[in-house]
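# Examining the three-dimensional arrangement
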Amino acid sequence: MHVYIGSRTTRERNARGEGISVFDYAPESGSLTLKQVVGGLLNPSYLLPHPSQPVLYTVHGDSGEISALRRDTRDGTLTPWHAQACEGRNPVHLALDPAARYLIVSNHLTGAVAVLPVGDDGALSSVSQTVALAGEPGPHRKEQPFSKPHYNLVDPSGRYVAVPDKGLDRIFLYGLEDSGISAQPAGVAATREGAGPRHAVFHPAGRWLYVVNELDNTVGAYAVESGSLRAFQVLPTLPDTYTANSRAAGIAMDARGMHLYASNRGDDSIAVFRIAPDTGRLEAVQHARAHGKTPRFFTLSPDGRFLFVLNEDTDTLQRFRVDPADGTLAHDNYALRIGSPVCMVFAACGA
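Heads up: these notes are all about the structure in this document. Because the structure is a prediction, the values reported are computed rather than measured.

With that settled, consider the state of the cysteines. Under the counting rule described, the total for this entry stands at zero disulfides. The cysteine Cys343 is free of any disulfide, with Cys86 supplying the nearest cysteine sulfur at 16 Å.

Another aspect to go through is the nonpolar core. Within the largest apolar cluster, 58 residues are counted, with the highest numbers of intra-cluster contacts made by Tyr57, Leu103, Leu209 and Met344. Examining the composition of this core, we find that five residues originate from one element, strand E28 (residues 341-347), more than from any other. Ignoring sequence-local partners within four residues, the contact set of Leu209 consists of Leu153, Ala162, Ile171, Ala200, Val201, Phe202, Gly220, Ala221, Tyr222, Val224 and Leu229. Counting residues in hydrophobic clusters, the runner-up holds 16 residues, among them Ala262, Ala271, Phe273 and Leu282.

Our focus in this paragraph is the sheet that holds strand E2 (residues 20-26). In space, the four strands of this open sheet follow the order E3-E2-E1-E28, with antiparallel pairing throughout. Of all strands in the sheet, those with a lone pairing partner are strand E3 (31-38) and E28, marking the two edges. Strand-to-strand twist of the sheet, defined as the mean angle between neighbouring strand axes without regard to direction, takes the value 25 degrees. For strand E1 (residues 2-7) and E28, the ladder comprises six bridges, and the chain directions are antiparallel. In the strand pairing of E28, His2 is matched with Ala347.

To find leftover empty space, a probe the size of one water molecule is rolled over the atoms. Estimates place the volume of the largest pocket at around 1,400 Å³. Lining the largest pocket are 46 residues; nearest its centre among them are Tyr151, Leu153, Met253, Thr299 and Leu300. Those elements giving two or more residues to the lining of the largest pocket turn out to be strand E4 (44-49), strand E8 (91-96), strand E12 (153-154), strand E16 (197-202), strand E20 (247-253), strand E21 (259-265), strand E24 (295-300) and E28. It is E24 that provides the largest number of residues to the lining of the largest pocket, a total of five residues. Class assignment of the residues belonging to the lining of the largest pocket gives a composition of 31 nonpolar, nine polar and six charged. Estimated volume of the second largest pocket: approximately 450 Å³. Lining the second largest pocket are 19 residues, and of these Arg13, Glu143, Lys166, Glu214 and Arg265 lie nearest its centre. Of the residues assigned to the lining of the second largest pocket, the class counts are two nonpolar, four polar and 13 charged.

Thresholds, definitions, all that
Residues numbered from 1 in each chain as written. Predicted model: local features only at pLDDT ≥ 70, side-chain atom pairs only at ≥ 80, totals over all residues. Heavy atoms only, no water. Disulfide = S-S within 2.5 Å. Core = buried A, V, L, I, M, F, W, Y, C linked by side-chain atoms within 4.5 Å. Buried < 20%, exposed > 50% of the residue type's maximum accessible area, 1.4 Å probe, protein only. Helix = DSSP H or I, 4+ residues; strand = E, 2+ residues; numbered from the N terminus. Contact = heavy atoms within 4.5 Å. Pairing = 2+ DSSP bridges. Axes fitted to C-alpha atoms, helices over the stretch in contact; angles between N-to-C directions. 1 Å grid on protein atoms, 1.4 Å probe; cavity = no way out; pocket = protein on both sides within 12 Å on 5 of 7 lines; lining within 4 Å. Points joined across faces, edges and corners; volume = space filled by probe spheres on them. Nonpolar A, V, L, I, M, F, W, Y, C, P; charged D, E, K, R; others polar.

The analysis is restricted to geometry; functional conclusions fall outside its scope.
Shown next, in the form of structure tokens:
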């Protein structure tokens, strides 16, 4: 198995990263061995492997482009292939529709979602659709001047894409169509004012959506009901002993849908929640130290045995073992030094 880690690279971001780092990954031990660093890339800050073609996609944060790189499925190494404009500023996230016919991109600073057709070989065509997100901006004077979509996530049924909008305090649910997304949302859910919804994850059963709110450091839980979202719970991501400023960032769930995780930048911790199987309600069970500063991104290994935290401002990857019974995290003293890491994805050999 191969691992790809994207890093911030620009002076404007005070970055120390070099580009995309390529690793061999040993699932048994959870260890990574560096194979390649692909330099000369502007802020490859979110990555996505194609599910069947040897292609890796990346957004270029603070720019207006998406790139496709060819991936050697034997050794994992990458070769730059081509780029396409995303017709917006600061693309921050990307996802494929279930049939990998098109790529959906959140343009954070132009308040729109873009759709780019994808060829049978994984090649990107120019933007075929843009959908602007409409609504009143939130009350935060600096962070909410206009619409700021920050993520786009396809639901387990393959019928919808959820788009949290940090600027509008809204979560939009758009229908997926043969060549793009619906022009109007199927459903819209409002958060508390100033919450700043950032990233999201669906429960594997598709019944619930969980959204991490960056600005007020909370997780919101929503029931998914015939294309609409109904809020039923909000919980803080921070321990009650932490009284300084913090910003929530990432969110993830184990494959069984039993435990939810969220990261805090400031408190520099990973919050762990238990998910009630009958109601979807959350219960906080742990706040694990990130062993570094600014855990912008984290991810679970494919087998769920490990959780890897990328600490952007202390240039480290930190590894935690996951207790299969209660989902709690234990740092196992494994760490790697990587400049300004902000995204990590896994890809199987030969896939």
